[in-house]
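# Descriptive structure summary
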Number of protein chains: 2
Amino acid sequence: MADVVSRYLSFLGAGTGEDIAGLFAADAVVEDPVGGQVLQGRDALTSFYSRVTAAENSAELLTLRMAGNSAAFHFRVVTTTEDQVITIEPIDVITFDDHGLITGLRAHWSAEDVHTVTR
Amino acid sequence: MADVVSRYLSFLGAGTGEDIAGLFAADAVVEDPVGGQVLQGRDALTSFYSRVTAAENSAELLTLRMAGNSAAFHFRVVTTTEDQVITIEPIDVITFDDHGLITGLRAHWSAEDVHTVTR
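Below is a summary of the structure that appears in this document. (Residues numbered from 1 in each chain as written. Chains lettered and ligands numbered in written order. Predicted model: local features only at pLDDT ≥ 70, side-chain atom pairs only at ≥ 80, totals over all residues. Heavy atoms only, no water.)

## A short note on helix 3 (residues 42-54) of chain A
Residue and element names in this part refer to chain A. Taking 1.5 Å per residue, 13 residues should reach 18 Å; helix 3 reaches 18 Å between its end C-alpha atoms and fits that length. Burial in helix 3 covers these residues: L45, T46, F48, Y49 and T53. Buried residues along helix 3 sit against helix 1 (2-14), helix 2 (17-21), strand 1 (24-31), strand 2 (38-40), strand 3 (56-67) and strand 7 (102-108). (Helix = DSSP H or I, 4+ residues; strand = E, 2+ residues; numbered from the N terminus. Expected span 1.5 Å × (residues − 1). Buried < 20%, exposed > 50% of the residue type's maximum accessible area, 1.4 Å probe, protein only. Contact = heavy atoms within 4.5 Å.)

## Concerning the interface of chain B and chain A
Counting residues at the interface gives 22 residues for chain B and 22 residues for chain A. Counting the surface chain B buries against chain A, the share from its top three residues, R65, I91 and H108 of chain B, is 37%. At the surface where chain B touches chain A, the tally comes to 2 salt bridges. A salt bridge links R65 of chain B to D113 of chain A; its shortest N-O distance comes to 4.0 Å. Scanning the region where chain B abuts chain A turns up 6 residue pairs in polar contact (both at pLDDT 80 or more). (Buried area = accessible area lost by both parts, 1.4 Å probe. Salt bridge = Lys/Arg side-chain N within 4 Å of Asp/Glu carboxyl O. Polar contact = N/O pair within 3.5 Å; in protein donor to acceptor, adjacent residues only side chain to side chain.)

## Points about the pairing of strand 4 (residues 70-80) of chain A
Residue and element names in this part refer to chain A. For strand 4, a buried count of 8 out of 11 residues is recorded, marking the element as mostly surrounded by other parts of the structure. Pairing of strand 3 with strand 4 involves 11 bridges; the strand directions are antiparallel. Looking across to strand 4, one finds that A59 is bridged to V77. Here strand 3 hands over to strand 4 after 2 residues, with G68 in that stretch at a positive phi of 55 degrees. Where strand 4 meets strand 6 (residues 91-96), 5 bridges bridge the pair, whose relative direction is antiparallel. Its bridge partner being in strand 6, S70 is matched across the sheet by T95. Where strand 4 folds back on strand 5 (residues 84-88), the antiparallel hairpin that results is connected by 3 residues. (Pairing = 2+ DSSP bridges.)

## A closer look at the relation of the copies chain B and chain A
Note on the copies: chain B fits chain A at an RMSD of 0.0 Å, the axial shift is 0.0 Å, and the rotation between them is 180 degrees. The two molecules are tied by a two-fold rotation axis, judged by turn and shift. (Least-squares fit on C-alpha atoms with pLDDT ≥ 70 in both.)

As structure tokens, then:
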């Protein structure tokens, strides 16, 4: 599970939508942020993560807790655009199947947690 | 939700099993830690939290993220016994009903996250 979390964060910075979607089971469900749209399945995830990875991101793990078939982790994502540096530090929870594929991802963050600095 | 999290942590330090169980909906489900026994209902929760609060604890919020009907939070619990000081820093996820009562709590920590120092 720690390896998958590490690859997820690495792919956020330097991967493609396909790279990230490949970490998930075929019928996996993503809610990012929690309370937002619920995405299910490889196509929807590839599309979603292609948009995410199109930006210039770097991601860093802050805290990881593993228990049962779940990993909860606090991390920092910094997205740099032409005129802004945007930092979010969500707490995500990922559940896994027996093959180590992600079956669900719930990302806990809201607009209040988005810190934007003009470059 | 932030207020309930604050009361939960405060009650871990200076409350009773009834105090904590009173934060939960009647049929709420607790899995602490995730992968362990699943407890459901006020009686089971009162009993569980009575054992927890019988110890000398202090709890401190480290990070709180709220989204949708969920709160995810990283916190520190320090339990002092006659001969040991035990520190755990779980990541818990709580879901709420429309009345602000907790419907579910999942605590992400494992034996590896328990730090024990002999007094």
